[in-house]
Structure formats: C-alpha cells, structure tokens
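Now for the letters of each chain:
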Amino acid sequence: MSYSQEALAFSTIPANHQVRIENRISFLYLEYCLVRQDRTGVVAIRDATDDDDNPDPEATVTRIQLPVAGLGVLCLGPGTSISNAAITSCARSGCTVVFSGGGGVNAYAHATPLSSSAKWAIAQARLISSLDAQKVAAIKLYTKQFGAGQVRDASIKVMRGIEGRIMRTTYRDLAKKAKIKNFKRDTNASDPINAGLNVANSIMYGVAATVCAAIGVNPALGIIHRGDIRALLFDLADLYKARIVLPLVFNHAHDEDPISEIRRDLRRQIHSKHILEDMLGTLMEILQPHLPNRDDDRLINDHGEVSGHVQYGKDDE
C-alpha cells in the first residue's frame, strides 16, 4: 500500500514546528482510564459505571482532551490502556510517555528528540572525554545548586564531600522544623517523608529525562554522578533538591494524603519556577563550550534525498 504525499507530510512533525520545551506543561498523571485517538486528537476516557467505589448505573462516560503537543511527560499509572494511534501521536508530538506503578514510581520512558541536530550529543561526548572539562562543568552545577560561596576550585571528589555535608545539614534542619525525630533517609522505608522523597525524586528525574530527550543527549553520561544509566538525570535533578524538593516534601509530612499533595505541589513548583526551562538552560550552558565548530554532515531525509553543506570552523580546518 502506498501513501500520498499529504499523508507522508503528516507522518512526522518537524522539530521547528514543535512546542518548545520551556512552554510545555511539565507532566500529566493518569490512572484507571483509556487513552485513545479520535478525530479531535488524543483523549482520556473513563466509564464511571466501572468504578467499584461508585457503582452508579446512571453515571456517564467522561472524556478529557489531552494536549499532548504541549506536554513534557504523560505518565500512565495502574489501570490505563493506550492505543497504537494515541501513542503514535504522543511520539510525533515529542511527548514522553511513561508507564509507571502507582504514584509514578518505577517508570520506563522514551521520546523522540525535539532537535534534529546531533551537535549537543557531540558536545556531550567532548565534555565527558575530558577530565578538566568535567571539573569545570561540575563547578558550574555545584555553584548553581549551593551558591558560589560553597564551591571553589576543588576536585570533584572534594565537591562531593561538600555536597554530602550540606545535604545532611539540610535533612537535619528540615526534620527539626517539621518536628520529626530521628529521621534517616531510606529509599525502602514507607514513612511519609521517605515515600514522598521517592515520588518527588522520580518526578524530577522524569523532568530531567524530558530535557535530555529534547536535545538528544545521553542520560547515562553524567558529570558528577557516574556509572548509572540515569547519571545525568541525577546531576540535573539535584540542582533543585535542597532548595525546592526537600522543603516541599517535609512541608507535607503531616498531611492526610502526603503523596498526592506532594505530586500536586511539585507540579505547581515546576510550572511557577520554570524548572523545565531553567534545567534545559543549565544543560545547554555546560555543553555550549564544547559544541562543534563545523557543520558538514550529509543527511538523508525521509524521502531518500541527500542534503548537506560544508561550513568549516577555524579549529577544524
């Protein structure tokens, strides 16, 4: 079966036609619904008659339009089902689809980059291959995280020690303020603080994954963190841990439903503090000095046509 040129034109959305990452809604979490494609776009459908907690035979079907072209992450929790057509629309729109357990923990994600250029991936490779460049980038990250007064021209190992000391002090002060005695960070614990931190950190890692996917860099190639497939996600998420994530979680320690409140509050913070835009700007800032000075790639487009031009920089002649 052959497709018309009109159909081929709509098979993908060019990067320059996408909604920019800083203008997107950070994430939307759904559970117990169907996600389908209809004539108007992607919709979430829930039949209230299937609700065991509210078995109302007269209840109607609820349909909610999902703005996938303006979403960073669509998180699908328990009881969800998505159709081939709907997830195709999400992928073409640059929306990361996450399949997760309850609360968005233990998630798997993939997204098409919003950039068609490999220049940021090349810059990342150059940065990671130089120990001196990594040190410069680490200083920039730690300075943004803790302020210029805390980090000086030290080794990454020394800066990690400074980070550990600051974080221990932060945990202690916040626990004291929230009147929580003998708090200890344990990812396997089920108390409201540890469970809330697990959820909040997962959300921030999802935001970082969206940023990495947007410009096509590898989240495994971290600067401060190394050896984990999510190393760069840890680097980026940690920028907001001490001043945003930890205070937010401890503030909800005594709520009736702390996990739900943490999720809602963090989403508001991501939006109001422009965290997606800020995180992307930070990542691009540390990669900027390592961008290639030449652009002579020969690319083959979707129709098999070869295109390309040569533009050499001074350092590449």
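The written sequence of each chain sets the order in which its residues are numbered from 1. Only residues with pLDDT of at least 70 get local features here, since the model is predicted, and only at 80 or more are side-chain atom pairs given and counted; chain-wide, interface and lining totals rely on the full set of residues. Computation of side-chain values: all heavy atoms of the structure, hydrogens and water removed.

- As annotated in an unreviewed UniProt entry, the protein carries the name CRISPR-associated endonuclease Cas1 and comes from Arcanobacterium phocisimile.
- Under the UniProt heading Sequence similarities (unreviewed entry), the entry covering the protein gives this text: "Belongs to the CRISPR-associated endonuclease Cas1 family."
- Turning to the protein, the UniProt annotation filed under Subunit (unreviewed entry) states: "Homodimer, forms a heterotetramer with a Cas2 homodimer." UniProt positions are given in the numbering used here, feature names are shortened, and annotations may be inferred rather than shown by experiment.

1. Things to note about the pattern of salt bridges
Line of reasoning, step 1. The working definition used for a salt bridge is a side-chain nitrogen of Lys or Arg within 4 Å of a carboxyl oxygen of Asp or Glu. Tallied over the full model, the rule gives seven salt bridges.
Line of reasoning, step 2. Where aspartate 228 meets arginine 230, a salt bridge forms, and the shortest distance between an N and an O atom there is 3.2 Å.
Line of reasoning, step 3. Between buried and exposed lies partly exposed: a residue is buried under 20% and exposed over 50% of the maximum accessible area for its type, with that area taken using a 1.4 Å probe on protein chains only. Taking the relative accessible area as the measure of exposure, aspartate 228 reaches 27% and is therefore partly exposed.
Line of reasoning, step 4. Residue classification places arginine 230 among the partly exposed residues on the basis of a relative accessible area of 39%.
Line of reasoning, step 5. Between arginine 268 and aspartate 265 there is a salt bridge whose closest N-O contact spans 3.9 Å.

2. Quick look at the packing of helix H5 (residues 156–177) against helix H8 (residues 241–251)
Line of reasoning, step 1. A fitted line through C-alpha atoms serves as each axis, taken over the contacting stretch for helices, and the angle formed by two N-to-C directions is quoted from 0 to 180°. By definition, any uninterrupted DSSP run of H or I lasting at least four residues is a helix, any uninterrupted run of E lasting at least two residues is a strand, and each is numbered from the N terminus. Interhelical geometry of H5 versus H8 gives an angle of 30° and a closest axis separation of 10 Å. In terms of orientation, H5 lies roughly parallel with respect to H8. With respect to the hand of their crossing, H5 and H8 are arranged in right-handed fashion. Along the contact surface, H5 presents Met167, Thr170, Tyr171, Leu174 and Ala175, while H8 presents Lys241, Ala242, Leu246, Pro247 and Phe250.
Line of reasoning, step 2. Grouping the amino acids of the contact of H5 with H8 by side-chain chemistry returns eight nonpolar, one polar and one charged. Convention used here: angles under 35 degrees read as roughly parallel, angles over 145 as roughly antiparallel, angles from 65 to 115 as roughly perpendicular, and any remaining angle as oblique. Left-handed is the label given to a crossing in which the near helix is rotated counterclockwise from the far helix by less than a right angle, and right-handed is the label when the rotation is clockwise. Throughout, a contact is declared for two residues whenever any of their heavy atoms are within 4.5 Å. Side-chain classes follow a simple rule in which Ala, Val, Leu, Ile, Met, Phe, Trp, Tyr, Cys and Pro form the nonpolar group, Asp, Glu, Lys and Arg form the charged group, and the remainder, Gly included, forms the polar group.

3. Things to note about the environment of alanine 15
Line of reasoning, step 1. Inspection of the secondary structure puts alanine 15 in the loop between helix H1 (5–9) and strand S1 (25–30).
Line of reasoning, step 2. Placed 78 residues apart in sequence, alanine 15 and serine 93 show a C-alpha to C-alpha distance of 9.1 Å.
Line of reasoning, step 3. Setting aside anything within four residues of it in sequence, one finds alanine 15 in contact with Leu114, Ser115 and Ser116.

4. Topic: the nonpolar core
Line of reasoning, step 1. To define a nonpolar core, start from buried Ala, Val, Leu, Ile, Met, Phe, Trp, Tyr and Cys residues and group those joined through side-chain atoms within 4.5 Å. By size, the foremost hydrophobic cluster in this structure holds 69 residues, and its most contacted members are Met204, Met279, Leu283 and Leu287.
Line of reasoning, step 2. A per-element tally of this core places helix H6 (residues 192–215) first, with 13 residues.
Line of reasoning, step 3. Within the second largest apolar cluster, 15 residues are counted, among which are Leu30, Val42, Ala44 and Leu66.

5. Thoughts on the environment of glutamate 163
Line of reasoning, step 1. In this structure, glutamate 163 sits in helix H5.
Line of reasoning, step 2. Between the alpha carbons of glutamate 163 and tyrosine 142 there is a distance of 8.0 Å; along the sequence they are 21 residues apart.
Line of reasoning, step 3. Those residues in contact with glutamate 163 that sit more than four places away from it in its chain are Tyr142, Gln145, Phe146 and Asp238.

6. Structural notes on the UniProt feature "binding site: Mn(2+)" (unreviewed entry) in the protein
Line of reasoning, step 1. Per the UniProt record, the feature "binding site: Mn(2+)" (unreviewed entry) sits at Glu163, His225 and Asp238. On the basis of their most widely separated C-alpha atoms, the annotated residues across 76 residues gather in one place, lying no more than 12.2 Å apart.
Line of reasoning, step 2. Using a relative accessible area of 12% as the deciding quantity, one classes glutamate 163 as buried.
Line of reasoning, step 3. A 3.5 Å cut-off defines polar contacts: any pair of N or O atoms within that distance qualifies, except that in protein one atom must be a possible hydrogen donor and the other a possible acceptor, and neighbouring residues in sequence count only when both atoms are side-chain atoms. Among the polar contacts made by the side chain of glutamate 163, one reaches the side chain of tyrosine 142 at a distance of 2.8 Å.
Line of reasoning, step 4. Looking at where histidine 225 falls in the secondary structure, it is placed in the loop between H6 and helix H7 (231–237).
Line of reasoning, step 5. Residue classification places histidine 225 among the partly exposed residues on the basis of a relative accessible area of 25%.
Line of reasoning, step 6. For histidine 225, the contacting residues outside a window of four places in its chain are Arg160, Ala231, Phe234, Asp235 and Asp238.
Line of reasoning, step 7. At 2.7 Å, the side chain of histidine 225 forms a polar contact with the side chain of aspartate 235.

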